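Structure at a glance
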Amino acid sequence: MATNQFITFWQFIQGQKIEIPIIQRDYAQGRKGNEKLREKFLKDIKQALDNNDKNSKLKLDFVYGTLESEKLQPLDGQQRLTTLWLLHWYISLKAKKLADNKEVFKRFTYETRTSSREFCHKLSEFSDPTSNKIVSHIQNQTWFYSAWKQDPTIQAMLNMLGGTDICEKDVDIIDGIEEIFTNNFEYYWDMLTSENCPIIFYYMPLNELKLSDDLYIKMNARGKPLTSFENFKADLVGFMKSNNEDNNTNIDKSSIS
């Protein structure tokens, strides 16, 4: 993959798998309290797609990451990548394109918790568009476990998809993909998967710069160091995995979250 130019999300995910590493925090853009951030970000995306101007791009800055076992583990860009994955997923579902592209969507996954990883996988397999609200439709599926309502990443994803009921001055904040994108789904799908998609970012592979994994700690959460527990969790899972490889034991990382 060329690294000296901007790239679209669809080009990016087709180029390699994207794995949110265990050392990263949970998905935060969908958390309650970020309603205005979601509203602005999603409206900016929609405006860029609606304008369809080749000379006007919405540039989402840099995505940093390292390639490990043919998977990209993003250091910076987790939030944007997750939101873009959810956007593409929702539009493909509504445009009835998900079934044909499910293997591409499976190239995105979370390693922070087993439940988050399974949720992303189930969404990729899902191809049942509905006129009902997307969040209730997902939660009504037989594969949706009630325990997943306690996973902060899953709940944040659902908030990003469906929005919240939070208001500002008695006016509902339009902060969900479903609320922003209400029609013209085939048009938006064509735009998102086009080489001329106006939603772009710049990818910088840290492997080529020969930078160490210490940057995960130094740069995580825009410079905020990981908590002692987050560092302990990452070290513990690595230790357990290395000591159980001979026994082919699966480690459930959610059990120590």
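Up top is the structure.
Report follows, based on the coordinates. (Residues numbered from 1 in each chain as written. Predicted model: local features only at pLDDT ≥ 70, side-chain atom pairs only at ≥ 80, totals over all residues. Heavy atoms only, no water.)

Describing the environment of Gln155
Tracing the sequence through the fold places Gln155 in helix H7 (residues 152-162). In the structure, Gln155 is positioned 125 residues away from Gly30 in sequence and 7.6 Å away in space, judged by C-alpha atoms. Non-local contacts of Gln155, meaning those with residues more than four positions away in its chain, are made with Gln139, Trp148 and Lys149. (Helix = DSSP H or I, 4+ residues; strand = E, 2+ residues; numbered from the N terminus. Contact = heavy atoms within 4.5 Å.)

Structural notes on the sheet that holds strand S5 (residues 108-110)
Judged by pairing direction, the sheet is mixed, and its 6 strands sit side by side in the order S1-S8-S3-S4-S2-S5 without closing on themselves. The outermost strands of the open sheet, each flanked by one partner alone, are strand S1 (6-8) and S5. Neighbouring strand axes in the sheet, compared pairwise and without regard to direction, differ in orientation by 45° on average. Sheet analysis places strand S2 (residues 17-20) next to S5, joined by 3 bridges and oriented parallel. The residue bridging Glu19 from the neighbouring strand is Thr109, located in S5. The strands touched by helix H2 (residues 35-51) within the sheet are strand S3 (58-68) and strand S8 (199-205), with S3 carrying the most contacts at an inclination of about 105°. (Pairing = 2+ DSSP bridges. Axes fitted to C-alpha atoms, helices over the stretch in contact; angles between N-to-C directions.)

With respect to the packing of aromatic side chains
Applying the stated criterion across every chain yields a total of 20 aromatic pairs. Ring plane angle 80° and centroid distance 6.1 Å describe the contact between Tyr90 and Phe185, whose orientation is recorded as edge-to-face. One end of the pair, Tyr90, is in helix H3 (residues 78-94); the other, Phe185, is in helix H9 (residues 185-192), and 95 residues separate them in sequence. A single burial state applies to Tyr90 and to Phe185, both of which are buried. Ring geometry for Phe119 and Trp148: centres 5.9 Å apart, planes at 85°, overall edge-to-face. Placement of the pair is Phe119 in helix H5 (residues 114-125) and Trp148 in the loop between helix H6 (134-139) and H7, with a sequence separation of 29 residues. We note that Phe119, like Trp148, is buried. Ring pairing ties together the aromatic residues Trp10, Trp85, Phe105, Phe108, Tyr110 and Trp189, which thus form one cluster. (Phe/Tyr/Trp six-rings, centres within 6.5 Å; stacked < 30°, edge-to-face > 60°. Buried < 20%, exposed > 50% of the residue type's maximum accessible area, 1.4 Å probe, protein only.)

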